[in-house]
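Each chain is listed here by its residues.
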Amino acid sequence: MMESGALLALSELTVLRGGVPVLDRFSLRLDAGESAILLGESGSGGEALLSVLGGFADKADTVTGALRVRGSETRLPARRAKTPIRIAYLPNPLSQPFAPHASVLAQLTRVIARKQGSPLGSAHEELRLALERFPGSVTPQLLDAKPGRLDPVTIAIGLLASVSAQTPDLVLADHAVADLGPSAIRMLLEMLAAERKRLGFALIYATGGLQPPARLGGRVIVMRAGRVVEEGDALRLMSGHAHAYTRTLFKALPRLSLTETRSRSSARGQPLLQVHGLSYDPKAHPRDGITFELRRGAALALVGEEGSGRRALLRAVLAFDRAPAGRVVFDAVDLNILSQTMASRIRRRVAFVTGTDESLDPRMTLWGTVEEPLRAHLNLSGELVAGYREAALKRVGLASHEGKRLVGGLTAFDKRRLQVARAIVGAPLLVVIDEPLRGLDAFAQTIVREVLTDFRATQGPAFLVITADFTVAQALAEDAMVFHEGKLIERGPIVEILKEPREEATKALIQAVSLPDLSQDAAPG
Amino acid sequence: MRSFLARQAVRLVVGVFGAALIAAAISAIGAPHAHGLAPFFFAAVGRLVHFARGDLGQSAISGLPVLQVLAGSVPQTLLMVLEGACLALVAGLPLGLLATVGPTRRATAPLVQIVTATPVFCAGLALAYGAVHLLHWPVSVNMPVGASVSPDQALQIAALPVVAVGLAGAAAVQLALRRAASEASGGAFRSGLKRLGLSAFEIERRFVLPQVLAGLVASAGEIMMALLSAAVVTEWVFHQSGVADLFVKSVALADWNMAAIVVFIFACLTFVAEFAGRIASRMLASEGRP
Amino acid sequence: MTSAPEAPAPLLRAILRGVGWCGLGLIMVTVFLSDFLARAPAGWTDATVMLSPPSPAHPFGTDLLGRDMLSETLHGLAQTGGHALLGALVAILCGGLFGAVAARLPRPLAFSLRGTLGVLATVPALLLAILLIGLTARFYAPLVAGLAAAPLAFVRAFDRVEVDSTHSEYARATGIPTMTLLRRDLSYEFHEMLGSVAARALAAVTIIVSTASFLGFGAEPPARDLGLMIAAGKATYLAAWWTAVFPAAALVILILFARLAAGLGEGERP
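Caption draft 1: How the structure looks around the overall build of chain A. If you tally the helices and strands in chain A, you get 18 helices and 20 strands. Over its C-alpha trace chain A gives a radius of gyration of 25 Å, about what one expects of a compact globule, namely 24 Å for 525 residues. Taking the principal axes of its C-alpha atoms as reference, chain A extends roughly 75 × 55 × 50 Å. Burial status across chain A gives 54% buried among its 525 residues. By element, 51% of the accessible surface of chain A is carried by carbon and sulfur atoms, the whole surface being about 22200 Å².

Caption draft 2: Broad picture of the side chain of Ser59(B). All names here are of chain B. By secondary structure assignment, the location of serine 59 is in the loop between helix 2 (37–52) and helix 3 (66–101). Reaching out from serine 59, the side chain makes a polar contact with the side chain of aspartate 255 at a distance of 2.8 Å. Not counting the four nearest positions on each side in its chain, serine 59 is found in contact with Leu64, Val66, Asp255 and Met258.

Caption draft 3: The sheet that holds strand 9 (residues 219–224) of chain A, seen in detail. Residue and element names in this part refer to chain A. Strand order in the open sheet formed by six strands is 6-7-8-3-9-10, and the pairing between neighbours is mixed. The outermost strands of the open sheet, each flanked by one partner alone, are strand 6 (87–90) and strand 10 (227–232). Along the sheet, successive strands turn relative to each other by an average axial angle of 20 degrees, direction set aside. For strand 3 (residues 35–39) and strand 8 (residues 202–207), the ladder comprises five bridges, and the chain directions are parallel. Residue alanine 36 lies in a different strand from strand 8, and its bridge partner there is isoleucine 204.

Caption draft 4: Region of interest: the environment of Leu131(A). All names here are of chain A. Structurally, leucine 131 is set in helix 3 (residues 120–133). Classification of leucine 131 as buried rests on a relative accessible area of 4%. Setting aside residues no more than four positions away along its own chain, leucine 131 makes contact with Val138, Thr139, Pro140, Leu143, Ile157, Gly158 and Ala161.

Caption draft 5: Looking closely at empty space enclosed by the protein. The full count for this structure, using the stated rule, is five cavities of 30 Å³ or more. Considered as a void within the structure, the largest cavity measures approximately 200 Å³ in volume. Lining the largest cavity are 17 residues; nearest its centre among them are Val350(A), Ala351(A), Phe352(A), Arg422(A) and Thr174(C). Ranked by residues supplied to the lining of the largest cavity, first place goes to helix 14 (residues 412–426) of chain A with four residues. Classifying every residue of the lining of the largest cavity by side-chain character gives ten nonpolar, five polar and two charged.

Caption draft 6: Examining the pattern of salt bridges more closely. Residue and element names in this part refer to chain A. Scanning all chains against the criterion turns up 45 salt bridges over all chains. Between glutamate 371 and arginine 389 there is a salt bridge; the shortest N-O distance is 2.4 Å. Remark: arginine 389 occurs in helix 13 (residues 382–396) and glutamate 371 occurs in helix 12 (residues 366–377); sequence separation between them is 18 residues. There is no split in this pair, since glutamate 371 and arginine 389 are both buried. What makes arginine 389 buried here is its relative accessible area of 8%.

Caption draft 7: Inspection of the interface of chain A and chain C at higher detail. With 22 residues of chain A at the contact, the number on the chain C side is 14 residues. Interface area for chain A against chain C, summed over the two sides, is near 1600 Å², with a carbon-plus-sulfur share of 55%. Three residues stand out in chain A for area buried against chain C, namely Glu358(A), Arg363(A) and Glu372(A), and they jointly supply 32% of the buried area on that side. At the surface where chain A touches chain C, the tally comes to two salt bridges. Between Glu372(A) and Arg184(C) there is a salt bridge, with the nearest N and O atoms lying 2.7 Å from each other. Viewed at the interface, chain C and chain A are joined by three residue pairs in polar contact (both at pLDDT 80 or more). Those elements that provide at least two residues to the side of chain A that touches chain C are helix 11 (340–347), strand 16 (350–354) and helix 12 of chain A. Here the side of chain A that touches chain C gets five residues from one element, more than from any other, and that element is helix 12 of chain A. Taken together, the residues of the side of chain A that touches chain C sort by class into nine nonpolar, six polar and seven charged.

Caption draft 8: Local environment of a positive patch on the surface. Residues Lys146(A), Arg149(A), Arg7(B) and Arg282(B) make up a contiguous surface patch of positive charge. Summarising the element assignment, Arg149(A) is placed in the loop between helix 4 (140–143) and helix 5 (152–165).

Caption draft 9: Seen up close, helix 2 (residues 104–116) of chain A. For helix 2 of chain A, with 13 residues, the first-to-last C-alpha span of 18 Å sits near the 18 Å given by 1.5 Å per residue. Taking burial as the measure, the 13 residues of helix 2 of chain A include ten buried ones, the bulk of the element. All of the buried residues in helix 2 of chain A are Val104(A), Leu105(A), Ala106(A), Gln107(A), Leu108(A), Thr109(A), Arg110(A), Val111(A), Ile112(A) and Ala113(A). Contact partners of the buried residues in helix 2 of chain A: helix 3, helix 4 and helix 5 of chain A together with helix 7 (189–196) and helix 8 (200–218) of chain B. Downstream of helix 2 of chain A by one or two residues, Gly117(A) has phi in the positive range, about 70 degrees.

Caption draft 10: Spotlight on the packing of helix 3 of chain A against helix 5 of chain A. All names here are of chain A. Put simply, helix 3 and helix 5 touch, their axes get as near as 8 Å, and they point 120 degrees apart. At the point where helix 3 passes helix 5, the crossing takes the right-handed sense. For the pair formed by helix 3 and helix 5, the contact residues are Glu126, Leu127, Ala130, Leu131 and Arg133 on the first element and Ile157, Gly158, Ala161, Ser162, Ser164 and Ala165 on the second.

Caption draft 11: Up close: the interface of chain C and chain B. Contact with chain C, which involves 47 residues of that partner, is made by 58 residues of chain B. Of the roughly 4900 Å² buried where chain C meets chain B, counting both sides, 73% is carbon and sulfur surface. At the surface where chain C touches chain B, the tally comes to zero salt bridges. At the surface where chain C touches chain B, the tally comes to three residue pairs in polar contact (both at pLDDT 80 or more). Of all elements in the fold, only helix 1 (10–32), helix 4 (107–121), helix 5 (125–135), helix 8 (178–214) and helix 10 (242–262) of chain C reach the threshold of two or more residues within the side of chain C that touches chain B. With seven residues, helix 10 of chain C is the single largest residue contributor to the side of chain C that touches chain B. Each residue belonging to the side of chain C that touches chain B can be placed in one class, and the counts come to 35 nonpolar, seven polar and five charged.

Caption draft 12: A look at the pairing of strand 20 (residues 487–493) of chain A. All names here are of chain A. Strand direction decides the pairing type here: strand 19 (residues 479–484) and strand 20, joined by six bridges, are antiparallel. Within the sheet, the bridge partner assigned to methionine 481 lies in strand 20 and is arginine 491. In sequence, strand 19 turns back onto strand 20 through a hairpin of two residues, with glutamate 485 there showing a positive phi of about 50 degrees.

Caption draft 13: Representation of the packing of helix 5 (residues 120–133) of chain B against helix 6 (residues 151–184) of chain B. Residue and element names in this part refer to chain B. Packing of helix 5 against helix 6 leaves a shortest axis separation of 10 Å and a crossing angle of 140 degrees. The pairing of helix 5 with helix 6 is recorded here as oblique in orientation. As helix 5 packs across helix 6, the resulting crossing turns out to be right-handed. Judged by residue contacts, Val120, Gly124, Leu127, Ala128 and Ala131 of helix 5 engage Leu160, Val163, Ala164, Leu167 and Ala168 from helix 6.

Caption draft 14: Focus on the packing of aromatic side chains. In this structure the tally under the stated criterion is 14 aromatic pairs over all chains. Relative to Phe214(C), the ring of Phe121(B) lies with its centre 4.5 Å away and its plane at 20 degrees, an arrangement referred to as stacked. With Phe121(B) in helix 5 and Phe214(C) in helix 8, this pair bridges two chains. Aromatic side chains Phe111(C) and Phe158(C) sit 6.1 Å apart centroid to centroid with 65 degrees between the ring planes, which places their arrangement in the edge-to-face category. Highlighted residues: Phe111(C) in helix 4 and Phe158(C) in helix 6 (residues 141–160), separated in sequence by 47 residues.

Caption draft 15: Spatial organisation of the pairing of strand 9 of chain A. Residues and elements named next belong to chain A. The buried count for strand 9 comes to five of six residues, which makes it a mostly enclosed element. Summarising the sheet, strand 3 and strand 9 pair through four bridges and their orientation is parallel. Of the residues in strand 9, the one forming a bridge with leucine 38 is isoleucine 221. Summarising the sheet, strand 9 and strand 10 pair through five bridges and their orientation is antiparallel. Bridge assignment links valine 220 to a residue of strand 10, and that residue is glycine 232. Counted along the chain from strand 9 to the antiparallel partner strand 10, the turn is two residues long, and its residue alanine 225 has a positive phi close to 50 degrees.

Caption draft 16: Summary view of the confidence of the model for chain A. Taken over all residues, the pLDDT of chain A has a mean of 87, while the share at 70 or more is 92%. Overall, residues 521–525 of chain A carries pLDDT values under 50, and its contacts beyond four positions in sequence, including any with other chains, amount to seven contacts.

Caption draft 17: Geometry of the sheet that holds strand 17 (residues 430–434) of chain A. All names here are of chain A. Ordered by their spatial adjacency, six strands build an open sheet running 16-17-18-13-19-20, and the pairing between neighbours is mixed. Edge positions in the sheet fall to strand 16 and strand 20, since each has one partner strand and no second. Between one strand axis and the next, the sheet turns by 15 degrees as a mean value, whatever way the strands run. Pairing of strand 13 (residues 299–303) with strand 18 (residues 462–467), which is carried by five bridges, proceeds in the parallel orientation.

Each value, and the rule that gives it
Along each chain, the written sequence defines residue order, and numbers are assigned to residues from 1. Here chains are named by letter from A upward and ligands by number from 1 upward, in the order in which they appear as written. At least 70 in pLDDT is required for a residue's local features to be given in this predicted model, at least 80 for side-chain atom pairs to be given and counted, and no such filter applies to totals for whole chains, interfaces and linings, which use all residues. The basis for every side-chain value is the complete set of non-hydrogen atoms in the structure, without hydrogens or water. Secondary structure elements are taken from DSSP: a helix is a run of H or I of four residues or more, a strand is a run of E of two residues or more, and numbering for both begins at the N terminus. Each radius of gyration is computed over the set of C-alpha atoms, and the globule rule expresses the reference value as 2.2 Å times the number of residues to the power 0.38. Note on exposure labels: buried denotes an accessible area under 20% of the residue type's maximum, exposed denotes more than 50%, and partly exposed covers the range between, all computed with a 1.4 Å probe on protein chains only. Only the protein chains shown count as covering a residue, and every accessible area follows the Shrake-Rupley method with a 1.4 Å probe. Distance and chemistry together define a polar contact, namely a pair of N or O atoms within 3.5 Å, with one atom able to donate a hydrogen and the other to accept it when in protein, and with adjacent residues in sequence counting only for side-chain atoms on both sides. Contacts are residue-level and defined by heavy atoms, with any inter-residue pair within 4.5 Å sufficient. A pair of strands counts as paired when DSSP detects no fewer than two bridges linking them. Note on geometry: axes are lines fitted to C-alpha atoms, helical ones only across the stretch in contact, with angles between N-to-C directions running from 0 to 180 degrees. Whether a set of points on the 1 Å grid over the protein atoms alone is a cavity depends on a 1.4 Å probe fitting there but being unable to get out, while an open set qualifies as a pocket with protein on both sides within 12 Å along at least five of seven lines; lining residues are those with an atom within 4 Å of a point. Grid points are joined across faces, edges and corners, and a volume is the space filled by probe spheres set on the points. Throughout this entry, Asp, Glu, Lys and Arg are counted as charged residues, while Ala, Val, Leu, Ile, Met, Phe, Trp, Tyr, Cys and Pro are counted as nonpolar. The remaining residues, Gly among them, count as polar. Salt bridges, as used here, are contacts in which a Lys or Arg side-chain nitrogen is within 4 Å of a carboxyl oxygen on Asp or Glu. The term buried area denotes the loss of accessible surface (1.4 Å probe radius) that occurs when two parts are joined, taken as the sum for both partners. A patch is a set of surface residues, each over 30% in relative accessible area and not in a salt bridge, joined within 9 Å for like charges and within 5 Å for the nonpolar side chains Val, Leu, Ile, Met, Phe, Trp and Tyr. This count recognises Lys and Arg as positive and Asp and Glu as negative, with His and chain-terminal groups excluded. Every charge is mapped onto a representative atom, which is NZ of Lys, CZ of Arg, CG of Asp or CD of Glu. Working rule for helices: expected span equals 1.5 Å times residues minus one. If you view the pair so one helix is near and one far, a crossing is left-handed when the near helix is turned anticlockwise from the far one by less than a right angle, and right-handed when it is turned clockwise. In these notes the angle categories are as follows: under 35 degrees is roughly parallel, over 145 is roughly antiparallel, 65 to 115 is roughly perpendicular, and the rest is oblique. Side-chain rings of Phe, Tyr and Trp (the six-membered ring for Trp) are treated as a pair once their centres are within 6.5 Å; stacked means planes under 30 degrees apart, edge-to-face means over 60, and tilted covers the remaining angles. Each residue carries a pLDDT score, the predictor's own confidence in it, on a scale running from 0 to 100.

In structure tokens, the structure reads:
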């Protein structure tokens, strides 16, 4: 049913891609200032809807349906120049929307000038004014650098400022803050909410996480395979009366539990890693050195934002960088006195699982990646190697994949599991896990968490988890050390830290991932 | 930018010094009594010291100072290379840009392969044949042309080697352009910027074209090498008495001192072109204020 | 100026590569059968048919000494092709392979080698070849041509190796030895590219060998070589085009097939 008076009225919108519907009979009415959050996994249809409304649908897609914008009929797919409202697009900075060789400022200014139909000078001024309204110290001068030299959060603020400068009627946000770190996500969503309140634009936000529905409020539309599963506000959808898929989706999305108690792993044994007075910051006083111990089979999380010092500590612990002071004993061997050759032998007992998949060589095959540690370190027959390989791939759910497929052609989900399989065959004593759930959909995150937990339960390596997200720390570790501005500020069992955080920075990290209305403890389901 | 300039300058100086070392070693081959490793080494060091003082020695063929011989032939070759480079840019650049940043890129890829498969001497001889039979021009393929030619004829005779060198340069320009276009078109930024609101034309003009041109300019060293290689062959084919022709004769007659200096000159030309190209590329590629 | 340009479609590239390899195969067969296909042995003269144009008796005509150009071209193709193949092997071993290995040597040594060969790479390969042939002997022209092409091949192979790539760092962090990383480069990169590398080297060395011969630094008469034949035909080709066109065409076809077989990526350096 077509409705006049609404900002946007979509009826029976269908997008066919290669004959397959990526969006199926989707209808939406959006009034001025209203928001709609499209919650679903990749391929659920959110991206297709944004591309149709934004006027950048693929030419090969077949689009049918009806669209009315402020009462007047608009031909689909919508061409930006022909819609009577101003539409702004807000992408994720990690999707690399900018040309790598030109400054971000130049590109944002051009975008604003083009959308406003104004000269570059006035576009620059609009951007400057928009940036001034935001907290933090992002200035036009700071943005006058190539994208590769800026951190993603700064670029995200620049993108948000450019949207604000366009004074849009409708904003299309495409996973705009995903994988930027919990504190940054919270800050950016609050800024977006503030701008929406100030400018009164309508918002359609495609997301796969819980933060946007919680922080932005409004209508949540759960989507799956191009269809609407159900619609409502976040709290109602969290209740036990929601559709089965919705309940499963919400259960899969990571949330902090303030009451969950985890029994310590029974595999905890002798000390594996002993750190005495380790100082990893050249400017720090030696007495500020860190002392801690990690036992076999235990799991410790190093929690903190980017630049908080957790990776510097890790590099010092594993002797990649020479520490100004302190001593590290790994598996009863002092790492600092080792030669390169001996250190290399010790490092065979360490494995890495990273959220950027950069540890994988894209040229290698799936089988080659898993077999390499065996072939490099052990003198095994081909049959034995194949046996270990198959067992590891089975455990992570990759056994059915074509073994000669190149790593470069795998999805992020497959690559993450492949890293775990490679770690499994190496039988490491210590696994360093760095933001393992980055870039994964909800169900994929659940599976990777389970695979890692199973790995630790069956083979018993110790885990050293690096993350900015307390939900990840809680899922994979029992104890935590919290870092802020290069210093260790708090430590202890995660349960106790969550119950009674002492430091403000720790509280901020907890609040960044706490969703009081949506916490596990509050939900009845 | 300053640190970049400094790095490139160091690279240039080190490269030129390396070329001087190699030239000294080649020159020492012709030194009397330089038999055995130690005498050869001292002869090479001696030559290097002489070069540093500006004493390039004498030609073993003519007995004249090398500087004097080069003064008569280097300008001619440099002029031919320069004219060829201009022709390569004037002819190659517009066509190359259209063929690389437009939709015709895929279709022209095999065509470029066919053109670049032709050796310079074959292209030179083909040009001469066409000039004689179609344009009825005089050519200097089989003997140097005497002094009794009209100015028009002299121009026609001089044009062919330049065109041959220019064609070789145009082929190098094409390849450099295609490589730069290939590198510039990687990444998701095109669709990203389109989604943000820029038009395809604006993206190509503002963000892709400068990169492509910067990539081309950065390949100045390779283009110079192609031009110098073409000059060697072209001077021989068309009986031009330039420094490239001098090099071939010096090697044939074992005048290693002369050959060494010519190699040094060619290496320096390549280094200087590479140096200038990298700096120009850096300036083109960095877009600051809108 | 339009939408996102792409490299030639994979199918087109595969077709072109197939054409290239088929062409090289055909040339190889021709070379093996050259003594059978040729109407006369190499250098055979017939004073009664000097400089005769193409005819049924002599499809490619005859040259100034009455030699059948078809036979001479076939023999020349065999000689040039054989020399180029030898030179290409030298270029691959001393250039590409050495460069890939050198990149993984200890840093000071690796960069010294890179610097030295980088300077040599700024001298056009043709000039280096002429110089080295002059220093040694014309007999060694094929080997020397390969050596002359080696510095540039070394530099490209060296620069291609991502010694400090993130996946290499992680591999070293887990105790994977340098030899294993080198084996990765050789097996995953060179293995896939072996055909391409060989064809590319063949094209480059063919140009060097034929040009050196043309300039008088390659094969000596009575040996047949396409460059030498074109140089000999230079004296008569303006009046008798067939004395240079057919050897030149054979040369261009050999280089073209090698280039196509290399499957050069978009603007990739030949």
